[in-house]
Amino acid sequence: MSRVQHLVVSQGEADLRIDRWFKAHFPGMTHAQLEKHLRKGDIRIDKKRAKANQRLEEGQTVRIPPLDDSIYKPMAANFAAKARDTGPSDRDIAEIRKMVLHMDDSVIVLNKPAGLPVQGGSGQSRHIDGLLTGLQYDYEEKPRLVHRLDKDTSGVLVIGRTRLAAKFLTEAFRNRSTRKIYWALVAGVPRPHEATISYSLRKIVTANGEKVVVDREGQKAVTDYSVIAVAGQTTSWLALKPVTGRTHQLRVHCVAIETPIVGDGKYGGPEAFLDGAVSKKMHLHAREITISHPSGGELSITAPLSQHMAETWKLLDFHENDYEDPFVAHGL
């Protein structure tokens, strides 16, 4: 058995529920064990009995009762695993630092390259989340993801630099108080040149994995779009403004109006690939975002085109500087 301990809540742990705080500090403790200690009054916050749903405040002192040695065994294994984990290489750290578009005490904004996943998955050992320690610098906390981009989508990716900042930013995305503009190259020319797509979407499981389809019984999904330029009446540069944030929304909506995003074979099939020198990579880029800042005011960031899209723009004689936000005139 251990002795009684008294731990002080750090700034980064403020507003954390007590069960999550214990999970972070004592991963070997089961929820049943925690509830038992809470009922008995063994766990106290600033000398007062603690409640299961209580949230902690910076500077509070948490009394930890004597704990059985078995609780510490998973902690020892966890520490050993961390010791074996060397983290991102110097090359990876240099690469993710080159992605930084903006960094302050609360927010980091990256220009994510196409082809690099945001999180790990089946067969994905290298991803943004695994590289974020390279942006930790002298901060106590590892930066945290607050939203996602598809693996093959490039552009603006917002990161919370602290847990509290991440919580604020996550709420901003959830409450749709962010304004996002994507650029896409599509096969074909939408008619009309400017409109709103309102097709509900549903996720299904196929023999090839999960896929999103249009389904009137699915979740509401809304996208505003505008044609910025046309090449040969066969290819269009679109500005897309998602009003909702469904999985693969822009990709499925573009297919729904019969102009698939170039390179998106999953949803567009063969029609999504152009003949000639145009890259077969997906041409979807999170161009800009405006989001409330945790310290007040708004943060607006624009991401330069990824290399393969910049090459396509040059090939088709599209010019980034010709772009004027088509949604401003309509107050969107």
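Residues numbered from 1 in each chain as written. Predicted model: local features only at pLDDT ≥ 70, side-chain atom pairs only at ≥ 80, totals over all residues. Heavy atoms only, no water.

**What about the confidence of the model for the protein?**
Step number 1: Of all residues in the protein, 91% have pLDDT values of 70 or greater, and the mean over the chain is 89.
Step number 2: Within the model, the stretch residues 79-84 combines pLDDT values under 50 with zero contacts to residues more than four positions away or in other chains. (pLDDT = per-residue confidence, 0-100. Contact = heavy atoms within 4.5 Å.)

**With respect to the sheet that holds strand 1 (residues 5-8)**
Step number 1: An order of 1-4-2-3 is seen for the four strands of this open sheet, with the pairing classed as antiparallel. Bordering the open sheet on either side are strand 1 and strand 3 (48-49), each of which pairs with just one other strand.
Step number 2: Examined bridge by bridge, strand 1 and strand 4 (residues 61-64) share four bridges and lie antiparallel to one another. Within the sheet, the bridge partner assigned to Val8 lies in strand 4 and is Thr61. (Pairing = 2+ DSSP bridges. Helix = DSSP H or I, 4+ residues; strand = E, 2+ residues; numbered from the N terminus.)

**Here we look at the packing of aromatic side chains**
Step number 1: This structure, assessed with the given rule, holds nine aromatic pairs.
Step number 2: Aromatic pair Trp21 and Phe22: ring centres 5.2 Å apart, planes at 75 degrees, arrangement edge-to-face. Considered together, Trp21 and Phe22 belong to a single accessibility category, that of buried residues.
Step number 3: Ring centres of Phe22 and Phe26 lie 5.8 Å apart, and the angle between their planes is 35 degrees; this geometry places the pair in the tilted category. Of the two residues, Phe22 and Phe26, both sit in the buried class.
Step number 4: An aromatic cluster is present here, built from Trp183, Trp237, Trp313, Phe318 and Tyr323 joined pairwise through their rings.
Step number 5: Over the face of the ring belonging to Tyr139 we find Arg161, whose NZ or CZ atom lies 4.0 Å from the ring centre. (Phe/Tyr/Trp six-rings, centres within 6.5 Å; stacked < 30°, edge-to-face > 60°. Buried < 20%, exposed > 50% of the residue type's maximum accessible area, 1.4 Å probe, protein only. Lys NZ or Arg CZ within 6 Å of the ring centre and 35° of its normal.)

**Regarding the pattern of salt bridges**
Step number 1: Inspection of the entire model under this criterion finds 13 salt bridges.
Step number 2: In this structure, Asp19 engages Arg17 in a salt bridge whose closest nitrogen and oxygen atoms are separated by 2.7 Å.
Step number 3: For Asp19, a relative accessible area of 16% translates into the label buried.
Step number 4: Note that Glu95 is salt-bridged to Arg126, the shortest N-O span being 2.4 Å. Pair noted here: Glu95 is in helix 4 (residues 90-98) and Arg126 is in the loop between strand 6 (107-112) and helix 5 (128-131), with a separation of 31 residues, a long-range link. (Salt bridge = Lys/Arg side-chain N within 4 Å of Asp/Glu carboxyl O.)

**Thoughts on unusual backbone geometry**
Step number 1: Following Arg191, the chain continues into Pro192 via a peptide bond in cis, with omega recorded as 0 degrees.
Step number 2: Position of Pro192 relative to the elements: it lies in the loop between strand 9 (179-187) and strand 10 (194-198).
Step number 3: One non-glycine residue, His248, lies in positive phi territory at about 60 degrees.
Step number 4: Counting through the fold element by element, His248 comes out in the loop between strand 14 (235-242) and helix 7 (249-256).
Step number 5: The backbone phi angle of Asp317 is positive, close to 65 degrees, even though this residue is not glycine.
Step number 6: For Asp317, the position within the fold is in the segment after helix 9 (307-315).
Step number 7: On the basis of relative accessible area, Asp317 is assigned to the exposed category, the value being 52%.

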